[in-house]
Amino acid sequence: MPDPEGGRALKVVVQVANDPEKGVNSVINLLREMDVGEVEVVFHQDAINAVLDPSLVGRLHPAKVVACRNSLRARGIDESTLPRGTVVVDAGVAEIVRRQAEGWIYLRV
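Residues numbered from 1 in each chain as written. Predicted model: local features only at pLDDT ≥ 70, side-chain atom pairs only at ≥ 80, totals over all residues. Heavy atoms only, no water.

1. So, the nonpolar core
With 25 residues, the main nonpolar core has Val 39, Val 41, Phe 43, Val 51 and Leu 60 as its most contacted residues. Tallying contributions element by element places helix H1 (residues 20–33) first for this core, with 4 residues. Sequence-distant contacts of Val 41, that is, excluding residues within four places in its chain, are made with Val 14, Val 16, Val 27, Leu 60, Ala 63, Lys 64, Val 65 and Val 66. Ranked by size, the runner-up nonpolar core spans 6 residues in total, among them Val 13, Val 42, Ile 96 and Trp 104. (Core = buried A, V, L, I, M, F, W, Y, C linked by side-chain atoms within 4.5 Å. Buried < 20%, exposed > 50% of the residue type's maximum accessible area, 1.4 Å probe, protein only. Helix = DSSP H or I, 4+ residues; strand = E, 2+ residues; numbered from the N terminus. Contact = heavy atoms within 4.5 Å.)

2. Quick look at the side chain of Arg 69
Inspection of the secondary structure puts Arg 69 in helix H3 (residues 69–74). Polar contacts involving the side chain of Arg 69 include one to the side chain of Glu 79, which spans 2.5 Å. Among all residues touching Arg 69, those that are not within four sequence positions of it are Glu 79, Val 88, Val 89 and Asp 90. (Polar contact = N/O pair within 3.5 Å; in protein donor to acceptor, adjacent residues only side chain to side chain.)

3. Remarks on the pattern of salt bridges
Across all of its chains, the model carries 11 salt bridges by this definition. Residues Asp 46 and Arg 75 are paired through a salt bridge, measuring 3.3 Å at the closest nitrogen-oxygen approach. Placement of Asp 46 in the loop between strand E2 (38–43) and helix H2 (54–58) and of Arg 75 in the loop between H3 and strand E4 (87–89) is noted, with a sequence separation of 29 residues between them. Under the relative-accessibility criterion, Asp 46 is labelled exposed at 56%. The exposure class of Arg 75 is partly exposed, given its relative accessible area of 34%. Because the salt bridges share partners, they merge into one network encompassing Glu 40, Lys 64, Glu 95, Arg 98, Arg 99 and Glu 102. (Salt bridge = Lys/Arg side-chain N within 4 Å of Asp/Glu carboxyl O.)

4. Concerning helix H4 (residues 92–101)
Structural remark: α-helix, 3.6 residues per turn; residues separated by three or four positions point the same way. Those residues of H4 that fall on the buried side of the exposure criterion are Gly 92, Glu 95, Ile 96 and Arg 99. Taken around the axis of H4, the buried residues stretch over an arc of 100°, which confines them to a single face. Pointing more than 90 degrees away from the buried face of H4 are the exposed residues Val 97 and Ala 101. Buried residues belonging to H4 abut strand E1 (11–16), E2, strand E3 (64–68), E4 and strand E5 (105–108). (Arc of directions from axis to C-beta.)

5. Description of the packing of aromatic side chains
Using the criterion set out here, one finds 0 aromatic pairs in the structure. Here the basic side chain of Arg 99 rests over the ring of Trp 104, its NZ or CZ set 4.6 Å away from the ring centre. (Phe/Tyr/Trp six-rings, centres within 6.5 Å; stacked < 30°, edge-to-face > 60°. Lys NZ or Arg CZ within 6 Å of the ring centre and 35° of its normal.)

And the structure:
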C-alpha cells in the first residue's frame with residue numbers, strides 16, 4: 001500500500017518479544033490484508049526460541065525474520081541451528097529503533 005504522502009511502499013518492523021504464535025498470526029494477517037512493501041519481524045527476549053522452528057519461520061514468508069544475538073546467547077542457542085534465511089543482529093531492540101529512525105512503522109505483537 002503506498003504512503004499517501006509520498007507514494008512509497010509501507011515498511012513495517014514488528015517486535016515479537018513474548019507470545020510468538022500470536023505474533024506470527026498477527027504478521028500473517030498483516031501480510032494478507034495489506035500490500036506492505038517490506039516487513040521485518042524481530043524476535044527477542046522470551047520469543048527467541050520460536051526462530052528455531054522452521055515451519056513457524058516459514059509461515060512468515062515473504063517477511064524478513066530477524067533474531068537477536070543477545071537473546072540467543074542468553075539462552076545458549078547456537079546461531080548455526082537457525083533456519084536458513086534467518087538474519088541475526090546484535091541487539092533486537094537496536095534493530096527496531098534503527099528501523100523506526102529510518103521511517104518504518106513500528107508494531108508490537
